[in-house]
Protein chains: 2
Amino acid sequence: MENHYAKRISNLKASEIREILKITERPEVISFAGGLPAPESFPVDEIKEISRIVLEEEGTAALQYTTTEGFDPLRNWIADRMNTRWGTQFSKDNILLTNGSQQALDLSGKVFLDEGDVVLCESPTYLAAISALRAYSCRFVEVPTDDNGMIPTALERILETTDRVKMIYVIPDFQNPTGRTWSLERREKLVRLAEEHNVIVIEDNPYGELRFEGEMLPSLQVFDQTGSILSLGTFSKIFCPGFRIGWILGDPDVIKKYVLVKQGADLQCNTLAQRVIAKYLDMYNIDDHIAKIRDVYKKRRDLTVKLMDDLFPDNVTYTRPEGGLFAWVELPAAINARDVLEKALEKNIAFVPGGSFFPNGGKENTFRINFSNMPEERIKEGLVTLASVLREFCLKTH
Amino acid sequence: MENHYAKRISNLKASEIREILKITERPEVISFAGGLPAPESFPVDEIKEISRIVLEEEGTAALQYTTTEGFDPLRNWIADRMNTRWGTQFSKDNILLTNGSQQALDLSGKVFLDEGDVVLCESPTYLAAISALRAYSCRFVEVPTDDNGMIPTALERILETTDRVKMIYVIPDFQNPTGRTWSLERREKLVRLAEEHNVIVIEDNPYGELRFEGEMLPSLQVFDQTGSILSLGTFSKIFCPGFRIGWILGDPDVIKKYVLVKQGADLQCNTLAQRVIAKYLDMYNIDDHIAKIRDVYKKRRDLTVKLMDDLFPDNVTYTRPEGGLFAWVELPAAINARDVLEKALEKNIAFVPGGSFFPNGGKENTFRINFSNMPEERIKEGLVTLASVLREFCLKTH
């Protein structure tokens, strides 16, 4: 069949993360690899109770086909939350429910990207966004990025000198993979530059609710004047990922195109999951629930950073994320994180090497650490072992 | 934003069905339009009980991320069922779970179709398959089709004289929209011709389990010698559509490409839905359940055909499906079914005009009748009214 595949297939490769995740299914493996939420944070009992209620009260509707756009009470809730928080004026017509924000990335490619179009992204950026968009045969140009986001002068120069820039893809809060957060100034500047150059912005925000300290910074929508910002959100990190319910928010005319494309892609999201989440939001205060998740992750982040401070060799640097699920580690330039992973796996420790977060290839001396998934004892045990592996590599390079 | 959209967007239009479905949400409308299963056939109580058990026994796993391929017990069940029925030798590695078979259509486009590739299809064919595949900028060539499937001499001639044929898309059982079923001979001949011309076959089979009479005819997989058949199935019509769980079955190397593409598209299907279906299949006999659905639909089909026999004008023809959800009506050539729909909607009757089931435009004097969704009283009331509308049109043409 080799000669039958579409050309785009040759651009795709299996996600390194999902391959590593298969290894980490062995219970003895301590994994910093996935982006998995803490399973003990899932509201299992509430979901059990609510599933019963929804199936009793609206059973056939909850199992039947529904609209592509999604369940209206859920779309209204998403709009209201954004409006209450940031003073925006959105309604359900601004929102399409998607199978997690991953599908919103795929649909964004389908709605906007022709072969050869250019996507600007942070450097590094989210691995699965690269896979989703690359399926539309785009090219990526990485914008130099520091601890406060893309560097505006660099972004401006790239916008001025690059043909066919269609889209800028960013994760302003607790970025995957670095854990970095964009400053307020950079957010506004990004929107102004995108508007000047008539470019779409995809704001991916799966982790924004999980801030451990400091003040929440506004969505890019707050600065939008031309309807060129599409904002992605998800219930995966604040409720549960297995339901696959996320959303895309944007200009209603643009959302109509997304609806059209989702119709062809899979008709609609799981009906019962939409109604269970809506009922949960009605019966419980999700902010109390999010506060609990935040407390757990903050402790894990604190422990992770402290252990890195105490145990990692001096020539290893890393981020200190103010929220989210990830930290980012940079090794001396001569060390390849894939070699480190090989040694670490021998000691049953897993993480994701950083190279594949650079769409055009890049810093192989980096890796990503997830701190949300495991209890503190495991984090401690794992980082102690990992630090010993790192010391071996770092000593060799002296 | 108009100038930002990808070229493919100009090929897409809203599904006429889903637009008509919005009208049919008014309770007074008697709708033959959608392809909705009978809601009273959903195993609501069983799903309620099983959701409780799954959440109690495997709660966190049922809400967490899982593999892209899908839940192994469910993949095994699908392979076993095919093997038991047709003597094939499939395993879970032949199967990827998808969000209904609609997603399997979308992924098929993504895996195989480059811009300008040709898809051969029945004439008419499933509307949403046209939308799914058209998003990959393919061209459709309709193969002349009669009551037994595509006409082999016509298919052969088209295969010999058409450049860039990549794929043949067919619905051999109780086709959507016509309700027709391919004969055994035509099935085998299709596979032989596809193999000779080195073309992929997509066998879409959402209704095959719902046969009211006669003998079940084999999957095209039975005739496959080169791994060029991909078979789509779904739980939507035998369990419930709101769960969005379908599958694609094919050669393991091809399935690996589908997995890669699904990873980028939405990571995975809803975890809980996969486990609930698997547990249902474990605890209950789904064949008993399917037998019940079949009985209900058979009565509705019988009534529909009898009323069409009794009430429709003599110059109106229609199919007598042996299973599935749909019948197909052909009016005298001068009558446009969209005009009929307009009059019918005034009397609160809905159906889908046939024109949009022809990818290159076609017989506007046709329409599709769904008989699965409504109880018999409503079918009767609706067809009596529809017949009176048809008589008005048909008399005018004399």
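Residues numbered from 1 in each chain as written. Chains lettered and ligands numbered in written order. Predicted model: local features only at pLDDT ≥ 70, side-chain atom pairs only at ≥ 80, totals over all residues.

Peer 1: Can you break down the overall build of chain A residue by residue, with the values?
Peer 2: The number of helices and strands found in chain A is 12 helices and 15 strands. Over its C-alpha atoms chain A spans a radius of gyration of 21 Å, differing by no more than 12% from the 21 Å that the globule rule assigns to 398 residues. Taking the principal axes of the C-alpha coordinates as reference, chain A spans close to 65 × 55 × 55 Å. Looking at chain A as a whole, 55% of its 398 residues qualify as buried. A separation of at least 24 residues holds for 75% of the contacts in chain A among residues at least 6 apart in sequence. (Helix = DSSP H or I, 4+ residues; strand = E, 2+ residues; numbered from the N terminus. Rg over C-alpha atoms; globule rule 2.2 N^0.38 Å. Buried ≥ 20, exposed ≤ 12 C-beta atoms within 10 Å, placed from the backbone. Contact = placed C-beta atoms within 7 Å.)

Peer 1: Before we move on, could you go through the relation of the copies chain B and chain A and cite the residues and values that matter?
Peer 2: For the pair chain B and chain A, the best superposition has an RMSD of 0.0 Å and corresponds to a rotation of 180 degrees with a translation of 0.0 Å parallel to the axis. Considering both components of the superposition, the chain copies are consistent with a two-fold axis. (Least-squares fit on C-alpha atoms with pLDDT ≥ 70 in both.)

Peer 1: Lay out the domain arrangement of chain A in plain terms, naming residues and giving numbers.
Peer 2: All names here are of chain A. For chain A, the assigned domains read domain 1 (2-43 + 288-396) and domain 2 (44-283). Taken over C-alpha atoms, the centre of domain 1 sits 24 Å from the centre of domain 2. With 32 residues of domain 1 in contact, the opposing surface of domain 2 contributes 36 residues. Top contributing element to the side of domain 1 that touches domain 2 by residue count: helix 10 (residues 286-311), with 6 residues. A breakdown of the residues in the side of domain 1 that touches domain 2 according to their chemical character gives 16 nonpolar, 10 polar and 6 charged. (Domains from an automatic or database assignment. Nonpolar A, V, L, I, M, F, W, Y, C, P; charged D, E, K, R; others polar.)

Peer 1: Hey, could you go over the interface of chain B and chain A for me, with residue numbers and the actual values?
Peer 2: Counting residues at the interface gives 66 residues for chain B and 66 residues for chain A. Among the elements of the structure, helix 2 (44-63), helix 4 (100-112), helix 5 (127-134), helix 8 (252-266) and helix 9 (271-283) of chain B are those that each provide at least two residues to the side of chain B that touches chain A. Here the side of chain B that touches chain A gets 11 residues from one element, more than from any other, and that element is helix 2 of chain B. Here the residues of the side of chain B that touches chain A are counted per class, giving 32 nonpolar, 20 polar and 14 charged.

Peer 1: Outline the sheet that holds strand 7 (residues 165-170) of chain B, supporting the account with residue identities and numerical values.
Peer 2: Residue and element names in this part refer to chain B. As summarised here, the arrangement of the 7 strands in space is 2-10-9-8-7-3-4, forming an open sheet in which the pairing is mixed. Looking at strand neighbours, the two that pair on one side only are strand 2 (95-98) and strand 4 (139-143), the edges of this open sheet. Taken over all neighbouring pairs, the strand axes of this sheet differ in orientation by 20 degrees on average, direction set aside. Pairing between strand 8 (residues 200-204) and strand 9 (residues 229-234): 4 bridges, direction parallel. Bridge pairing links V201 to I229 in strand 9. (Pairing = 2+ DSSP bridges. Axes fitted to C-alpha atoms, helices over the stretch in contact; angles between N-to-C directions.)

Peer 1: How would you summarise the pairing of strand 3 (residues 118-122) of chain B if you had to cite specific residues and measurements?
Peer 2: All names here are of chain B. In terms of residue burial, strand 3 counts as a mostly covered element, since 4 of its 5 residues are buried. Inspection of the sheet shows strand 3 paired to strand 4 by 5 bridges, in the parallel sense. Directly across from L120, in strand 4, lies its bridge partner V141. Where strand 3 meets strand 7, 4 bridges bridge the pair, whose relative direction is parallel. Residue V119 lies in a different strand from strand 7, and its bridge partner there is M167.

Peer 1: Residue-level account of helix 10 of chain A, with values.
Peer 2: Residue and element names in this part refer to chain A. The terminal C-alpha atoms of helix 10 lie 37 Å apart, and with 26 residues this matches the ideal 38 Å at 1.5 Å per residue to within 8%. Within the span of helix 10, buried status applies to I293, R294, Y297, R300, R301, T304 and M308. In this structure, the buried residues of helix 10 make contact with strand 11 (317-318), strand 12 (326-330), strand 15 (366-370) and helix 12 (376-396). (Expected span 1.5 Å × (residues − 1).)

Peer 1: How would you sum up the sheet that holds strand 9 (residues 229-234) of chain A? Please name residues and give values.
Peer 2: Residue and element names in this part refer to chain A. Strand order across the open sheet formed by 7 strands is 2-10-9-8-7-3-4, with mixed pairing between neighbours. The open sheet terminates on both sides in strands that have one partner only, identified here as strand 2 (95-98) and strand 4 (139-143). Put simply, the sheet's adjacent strands are angled 20 degrees from each other on average, direction ignored. In the sheet, strand 7 (residues 165-170) pairs with strand 8 (residues 200-204) via 4 bridges, with the strands oriented parallel. Bridging from a neighbouring strand, M167 pairs with I200 of strand 8. Sitting on the sheet, helix 7 (residues 184-196) touches strand 7, strand 8 and strand 9, and the angle it makes with strand 8 is about 150 degrees.

Peer 1: Describe the packing of helix 2 of chain B against helix 9 of chain B, with residues and values.
Peer 2: Residues and elements named next belong to chain B. Running from amino to carboxyl end, helix 2 crosses helix 9 at an angle of 125 degrees, the nearest separation of the two axes being 9 Å. Between helix 2 and helix 9, the angle is such that the two are oblique. Considering how the two elements wind past one another, helix 2 and helix 9 form a crossing that is right-handed. For the pair helix 2 and helix 9, contact is made by E46, I47, I50, S51, I53, V54, E58, A62 and L63 and by T271, L272, R275, V276, K279, Y280 and M283, respectively. Among the residues making up the contact of helix 2 with helix 9, the classes are represented as 10 nonpolar, 2 polar and 4 charged. (Parallel < 35°, antiparallel > 145°, perpendicular 65-115°, else oblique. Left-handed = near helix turned anticlockwise from the far one by under 90°.)

Peer 1: I'd like a rundown of the environment of A:Q221, residues and numbers included.
Peer 2: Residue and element names in this part refer to chain A. In this fold, Q221 is placed in the loop between strand 8 and strand 9. In this structure, the C-alpha to C-alpha distance between Q221 and G149, residues 72 residues apart in sequence, is 17 Å. Contact partners of Q221, with chain neighbours within four places excluded, come to M82, W86, T88, I229 and S231.

Peer 1: Tell me what's going on with helix 9 (residues 271-283) of chain A, and back it up with residues and numbers.
Peer 2: What sets the pattern is the α-helix's 3.6 residues per turn: residues three or four places apart point alike. Over its 13 residues, helix 9 of chain A extends 18 Å from the first C-alpha to the last, a length consistent with the 18 Å expected when each residue adds 1.5 Å. With 10 of its 13 residues buried, helix 9 of chain A lies for the most part within the structure.

Peer 1: So what about the nonpolar core? Which residues, and what values?
Peer 2: Counting 232 residues, the largest nonpolar core has A:V201, A:I277, B:V201 and B:I277 as its most contacted members. Not counting residues up to four positions away in its chain, the partners in contact with A:V201 are A:I168, A:V170, A:L190, A:V191, A:A194, A:L220, A:S228 and A:I229. (Core = buried A, V, L, I, M, F, W, Y, C linked by C-beta atoms within 7 Å.)

Peer 1: Account for unusual backbone geometry, naming residues and giving values.
Peer 2: Residues and elements named next belong to chain A. Following N176, the chain continues to P177 via a peptide bond in cis, the omega torsion being 20 degrees. For P177, the location among the structural elements is in the loop between strand 7 and helix 7. Positive phi values are uncommon outside glycine, yet R244 reaches one of about 55 degrees. Phi is positive for N348, which is not a glycine, with a value near 65 degrees. Turning to its location among the elements, N348 is positioned in the loop between helix 11 (337-346) and strand 13 (349-350). Judged by C-beta crowding, with 17 C-beta atoms within 10 Å, N348 ranks as partly exposed.

Peer 1: Can you explain the packing of helix 3 (residues 72-86) of chain A against helix 9 of chain A? Please cite residues and give values.
Peer 2: Residues and elements named next belong to chain A. Between helix 3 and helix 9, whose axes approach to 9 Å, the crossing angle comes to 50 degrees. On the basis of their axis angle, the class for helix 3 and helix 9 is oblique. Between helix 3 and helix 9 the crossing geometry is left-handed. Facing helix 3, whose interface residues are P73, L74 and W77, helix 9 presents Q274, I277, A278 and L281.

Peer 1: Now, about the environment of A:A291: what can you tell me, with residues and values included?
Peer 2: Residues and elements named next belong to chain A. Structurally, A291 can be placed in helix 10. A tally of 11 C-beta atoms within 10 Å means that A291 is categorised as exposed. For the pair A291 and R211, spaced 80 residues apart in sequence, the C-alpha to C-alpha distance is 9.5 Å.

Peer 1: Can you break down the pairing of strand 2 of chain B residue by residue, with the values?
Peer 2: Residue and element names in this part refer to chain B. Residue alternation in strand 2 divides its side chains into two sets, I95 and L97 and L96 and T98, and both sets are buried. Strand direction decides the pairing type here: strand 2 and strand 10 (residues 246-249), joined by 4 bridges, are antiparallel. Note that in strand 10 the partner of L96 across the bridge is I248.

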